[in-house]
Amino acid sequence: MSNRGEQSLLKQSTLLMFAVSIAGIATGFVSGSQSILFDGFFSLIATFIKVLMLITAKLIAKQSNQRFQFGFWHLEPMVLLIEGSFLLLIAIYAFLNGVFGIINGGREIELGLVIIYAAVFTVVEFAYFFYVRHRNRTLKSSLIQFDNISWLVDAMLSVGLLVSFLAALLLQSQGYGEWAKFVDPLILIVLALTMLPPAFKILGPALQDVLGIAPDTLDEQVREVMEAAKVEHGFDDYVSYVQKHGRARFIEIHVVLPANYRLQSVGQLDVLREEISAKLGKPDAARWLTISFTGDRKWIA
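Calculation criteria
- Residues numbered from 1 in each chain as written.
- Predicted model: local features only at pLDDT ≥ 70, side-chain atom pairs only at ≥ 80, totals over all residues.
- Heavy atoms only, no water.
- Salt bridge = Lys/Arg side-chain N within 4 Å of Asp/Glu carboxyl O.
- Helix = DSSP H or I, 4+ residues; strand = E, 2+ residues; numbered from the N terminus.
- Buried < 20%, exposed > 50% of the residue type's maximum accessible area, 1.4 Å probe, protein only.
- 1 Å grid on protein atoms, 1.4 Å probe; cavity = no way out; pocket = protein on both sides within 12 Å on 5 of 7 lines; lining within 4 Å.
- Points joined across faces, edges and corners; volume = space filled by probe spheres on them.
- Nonpolar A, V, L, I, M, F, W, Y, C, P; charged D, E, K, R; others polar.
- UniProt positions renumbered as here; feature names shortened; annotations may be inferred.
- Axes fitted to C-alpha atoms, helices over the stretch in contact; angles between N-to-C directions.
- Parallel < 35°, antiparallel > 145°, perpendicular 65-115°, else oblique.
- Left-handed = near helix turned anticlockwise from the far one by under 90°.
- Contact = heavy atoms within 4.5 Å.
- Core = buried A, V, L, I, M, F, W, Y, C linked by side-chain atoms within 4.5 Å.
- Pairing = 2+ DSSP bridges.
- Right-handed = clockwise from strand over helix to strand, strands pointing away.

Asks: Just checking my understanding: could you explain the pattern of salt bridges for this structure?
Replies: For the coordinates displayed, the defined rule picks out six salt bridges. A salt bridge links Arg 223 to Asp 219, with the shortest nitrogen-to-oxygen separation between them at 3.2 Å. Of this pair, Arg 223 and Asp 219 both sit in helix 8 (residues 216–233), separated by four residues, roughly a single helical turn. The class of Asp 219 is buried, set by a relative accessible area of 18%. Taking the shortest distance from any N to any O, the salt bridge between Asp 270 and Arg 273 comes out at 2.8 Å.

Below, the structure is given as structure tokens:
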């Protein structure tokens with residue numbers, strides 16, 4: 001399976017996110033802003049996650065081997081689970097840091113520098129988010145789709161920083177400098193809360209895939225196709241099993257034929273397989289489909 005476009009975009013995304021993280025950490029230290037520093041460390045963690053995604057994309061492109069006979073599809077939800085967990089942990093850390101910042105009387109920061117930082121990276125991150133989303137309309141990669149969430153979160157962080165620092169500058173200009181000190185920890189709390197929905201958006205599907213929970217949509221599709229086939233071809237019964245790992249779908253169907261079923265050749269069963277396969281959608285490298293036929297009900301238990 002070739003996914004060079006996916007790998008190329010992930011490499012590009014990783015390098016750019018690393019540059020953003022270095023800029024954020026450096027600006028945070030120089031300006032004394034904990035929220036900018038948080039933004040930089042978030043980007044650094046996102047960079048490491050992107051490296052894991054790139055490794056996963058390369059492994060998925062490889063053929064299965066003796067140890068991993070079903071390929072490396074299971075790694076995709078595992079990486080996404082790690083990403084979602086990191087997002088959740090860093091959001092909790094940021095929230096607590098912001099609360100303690102307010103309790104301790106706020107923070108003095110260099111507003112001019114942080115406003116420039118927030119303005120520049122708001123433009124850069126939103127531009128790259130929309131660029132990746134446009135590219136993925138062709139690639140249709142779930143890895144890139146979830147990876148791009150980190151760019152949206154980073155862009156939202158930058159917007160929040162920009163608006164809040166401009167508000168702090170306005171407070172200073174109006175003679176309310178003592179209140180401006182509370183802007184930085186307040187931003188940190190708001191940013192932490194805005195990161196929770198993206199974290200759960202990644203964690204939910206990834207956790208379902210890792211635990212092997214059957215996806216309802218795929219399960220219903222298979223049952224609808226098989227119920228129709230059962231009526232049309234006079235099957236006695238069937239059982240179906242479905243599972244999803246990232247983009248990979250595993251479908252197993254066992255059909256019980258009646259004792260008086262007129263079977264002229266093995267090729268007749270292959271025709272039935274082709275018919276069921278076509279009704280389940282266009283086959284691709286990420287779909288594993290097994291359809292077996294038996295006359296003894298014990299083989300479907």
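Asks: I'm lost on the layout of surface pockets in this one. Help?
Replies: Taking a probe equal in size to a water molecule and rolling it over the atoms shows the remaining empty space. Its volume calculated, the largest pocket comes out at about 210 Å³. Considering the residues around the largest pocket, the lining is formed by 13 residues, among which Phe 129, Gln 145, Asn 148, Ile 149 and Lys 201 are closest to the centre. Those elements that provide at least two residues to the lining of the largest pocket are helix 4 (111–139), helix 5 (142–173) and helix 7 (183–211). In terms of residues, the lining of the largest pocket owes the most to one element, helix 5, which gives seven residues. A class-by-class count of the residues in the lining of the largest pocket yields seven nonpolar, three polar and three charged.

Asks: I keep staring at the UniProt feature "transmembrane region" (unreviewed entry) in the protein and nothing clicks. Help me out?
Replies: According to UniProt, the feature "transmembrane region" (unreviewed entry) maps to residues 12–30, 36–57, 78–103, 109–131, 151–170 and 182–200 in the numbering used here. Between the C-alpha atoms that bound residues 36–57 the distance is 31 Å, and the span itself is 100% helix and 0% strand. As a span, residues 182–200 carries 95% helix and 0% strand, and end to end its C-alpha atoms are 29 Å apart.

Asks: What exactly am I supposed to notice about the packing of helix 1 (residues 4–31) against helix 5 here?
Replies: For any two helices packed against each other, the geometry is given by the interaxial angle and the distance between the axes. Where helix 1 meets helix 5, the closest approach of the two axes is 11 Å, and the angle between their N-to-C directions is 20°. Taken together, the axes of helix 1 and helix 5 lie roughly parallel to each other. In the crossing of helix 1 with helix 5, the sense of the turn from one axis to the other is left-handed. Taken together, the residues of helix 5 that come into contact with helix 1 (itself represented by Glu 6, Leu 9, Leu 10, Ser 13, Leu 16, Met 17 and Val 20) are Leu 143, Ile 144, Asp 147, Ser 150, Trp 151 and Asp 154. Here the residues of the contact of helix 1 with helix 5 are counted per class, giving eight nonpolar, two polar and three charged.

Asks: Can you walk me through the nonpolar core in this structure?
Replies: If you look at soluble globular proteins, the nonpolar side chains tend to sit buried side by side. Judged by nonpolar contacts, the single largest core of 49 residues is most densely connected at Phe 38, Phe 42, Met 53, Leu 157, Leu 161, Phe 165 and Met 195. Put simply, the parts of the chain that give this core at least two residues each are helix 1, helix 2 (34–61), helix 3 (75–103), helix 4, helix 5 and helix 7. Once residues lying within four places of it in the same chain are set aside, the contact partners of Phe 38 are Ile 90, Ala 94, Leu 157, Leu 188, Leu 191 and Met 195.

Asks: When you look at the environment of Ala 91 in this model, what are you seeing that I'm missing?
Replies: With respect to the helices, strands and loops of the structure, Ala 91 is situated in helix 3. Along the backbone, Ala 91 and Ile 49 are 42 residues apart, and their C-alpha atoms lie at a distance of 16 Å. Apart from the residues lying within four places of it in its own chain, the contact partners of Ala 91 are Ala 192, Met 195 and Leu 196.

Asks: Looking at this model, I keep getting lost on the pairing of strand 2 (residues 248–256). Mind explaining?
Replies: Two faces belong to every sheet, and in a regular strand the side chains alternate between them. The buried count for strand 2 comes to seven of nine residues, which makes it a mostly enclosed element. Sheet analysis places strand 1 (residues 237–245) next to strand 2, joined by nine bridges and oriented antiparallel. When the sheet's bridge partners are listed, Val 239 is paired in strand 2 with His 254. Where strand 1 folds back on strand 2, the antiparallel hairpin that results is connected by two residues, among which Gly 246 adopts a positive phi of roughly 65°. Of the pairings in the sheet, the one linking strand 2 to strand 3 (residues 287–294) comprises eight bridges and is parallel in character. Within the sheet, the bridge partner assigned to Phe 250 lies in strand 3 and is Trp 288. This β-α-β element, strand 2 to helix 9 (residues 266–279) to strand 3, shows right-handed connectivity.

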